[in-house]
Amino acid sequence: DQQVKQNSPSLSVQEGRISILNCDYTNSMFDYFLWYKKYPAEGPTFLISISSIKDKNEDGRFTVFLNKSAKHLSLHIVPSQPGDSAVYFCASNAGGTSYGKLTFGQGTILTVHP
Amino acid sequence: NAGVMQNPRHLVRRRGQEARLRCSPMKGHSHVYWYRQLPEEGLKFMVYLQKENIIDESGMPKERFSAEFPKEGPSILRIQQVVRGDSAAYFCASSELAGAYNEQFFGPGTRLTVL
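Student: Go over the interface of chain B and chain A with me, naming the residues and quoting the values.
Tutor: Contacts between chain B and chain A engage 24 residues on the former and 21 residues on the latter. Buried surface at the junction of chain B and chain A, summed over both partners, amounts to about 1800 Å²; 56% is from carbon and sulfur atoms. Per-residue buried area on chain B facing chain A is highest for L43, A100 and Y101 of chain B; these three make up 29% of the total on that side. Viewed at the interface, chain A and chain B are joined by 1 salt bridge. A salt bridge links K101 of chain A to D56 of chain B, with the nearest nitrogen and oxygen atoms 3.2 Å apart. Applying the counting rule to chain B against chain A returns 7 residue pairs in polar contact (both at pLDDT 80 or more). Looking at the side of chain B that touches chain A, the element that brings in the most residues is strand β5 (residues 43-50) of chain B, giving 4 residues. For the side of chain B that touches chain A, the residue count by class is 12 nonpolar, 6 polar and 6 charged.

Student: Could you give me a rundown of a nonpolar patch on the surface, with the residues and numbers involved?
Tutor: Residues and elements named next belong to chain A. On the surface, I18, I20 and V78 cluster together to form a nonpolar patch covering roughly 230 Å² of accessible area. Looking at the element boundaries, I20 is found in strand β3 (residues 19-25). Accessibility expressed as a relative area gives 38% for I20, which makes it partly exposed.

Student: Please provide a residue-by-residue account of the nonpolar core, values included.
Tutor: One recurring pattern in soluble globular proteins: nonpolar side chains tend to sit buried together. The biggest cluster of nonpolar side chains holds 23 residues, and the ones touching the most others in it are W34, M46, L77 and Y90 of chain B. Contributions of two or more residues to this core are made by β3 (19-24), β4 (31-37), β5, β7 (65-68), β8 (75-79), β9 (88-95) and β11 (110-114) of chain B. Not counting the four nearest positions on each side in its chain, L77 of chain B is found in contact with A19, R20, L21, W34, M46, M60, S66, A67 and Y90 of chain B. Core analysis: the next-biggest nonpolar cluster, separate from the first, contains 22 residues, L21, I48, L75 and A86 of chain A among them.

Rules used in this analysis
Once a new chain begins, its residue numbering starts again from 1 and follows that chain's sequence as written. Chains and ligands are labelled sequentially in the order written, the chains with letters from A and the ligands with numbers from 1. Restriction of local features to residues with pLDDT of at least 70 applies here, the model being predicted, together with a cutoff of 80 or more for giving and counting side-chain atom pairs; totals for whole chains, interfaces and linings are based on all residues. Excluded from the side-chain calculation are hydrogens and water; included are all heavy atoms of the structure. A contact between two residues is defined here by any heavy atoms of the two lying within 4.5 Å. Summed over both partners, the accessible area lost on bringing two parts together, with a 1.4 Å probe, is the buried area. Think of a salt bridge as a Lys or Arg side-chain nitrogen and an Asp or Glu carboxyl oxygen that are within 4 Å of each other. In protein, a polar contact means a hydrogen-donor-capable atom and an acceptor-capable atom, both N or O and within 3.5 Å, with residues adjacent in sequence counting only if both atoms are side-chain atoms; elsewhere, any N or O pair within 3.5 Å suffices. The way it works is that DSSP assigns letters per residue, a run of H or I at least four long becomes a helix, a run of E at least two long becomes a strand, and they are numbered from the N terminus. Polar here means any residue other than Ala, Val, Leu, Ile, Met, Phe, Trp, Tyr, Cys and Pro, which are nonpolar, and Asp, Glu, Lys and Arg, which are charged; Gly is therefore polar. Excluding any residue in a salt bridge, patches collect residues exceeding 30% relative accessible area, merging like charges within 9 Å and nonpolar Val, Leu, Ile, Met, Phe, Trp and Tyr side chains within 5 Å. Each accessible area is a Shrake-Rupley result for a 1.4 Å probe, and residues are judged covered by the shown protein chains and nothing else. Here's how the labels work: a residue is buried when its accessible area is under 20% of the maximum for its type, exposed when over 50%, partly exposed in between, all with a 1.4 Å probe on protein chains only. Throughout, nonpolar core names a set of buried Ala, Val, Leu, Ile, Met, Phe, Trp, Tyr and Cys residues whose side chains join them through atoms within 4.5 Å.

Here's what the structure looks like:
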């Protein structure tokens, strides 16, 4: 039962262009969403989050958009840099808990070419 | 302030042996989460612990797996009688507060290989 889905296993983008990573969820109880970035042989690191009361959150080159009616969120990176090459995971809290029980998508491998 | 520490980073076990994975949370953090990442998959929640208490172990397999977070020392994830399907990366995360919106900081993971 995959409640958070990232349907694109990989994405390749030219340096300086926009990267758009997508994520869909099925559980309407989810009310907080996060993006994590992961390099090989390292743990995930937090990138940006959004609460369900918002539809957009921006932090520097990173913007997350949330479409609650479509149960869809996306991460925009602009401009993309080679150092952004990593695996990106979308995640959500389980909803209904008072602690951070996260549900992750399968991840999207982003490659930014110089 | 050191980050979340996990050891060993790599662990090789033969089928039937025990695997013991350790996690030292960030200083001042008393909430620990364990996640497992199977090949080609995302991270899956296993268990949430506070000091000396297991709060939610709904993601743990019913048999062979156990976790603890003692008053002193690291959190331990123990897998008894390992099988090949246990081969995965195991990540520990810690947070300062318990709330659902508090950031979790992840360790580098332990990569378990079962021969």
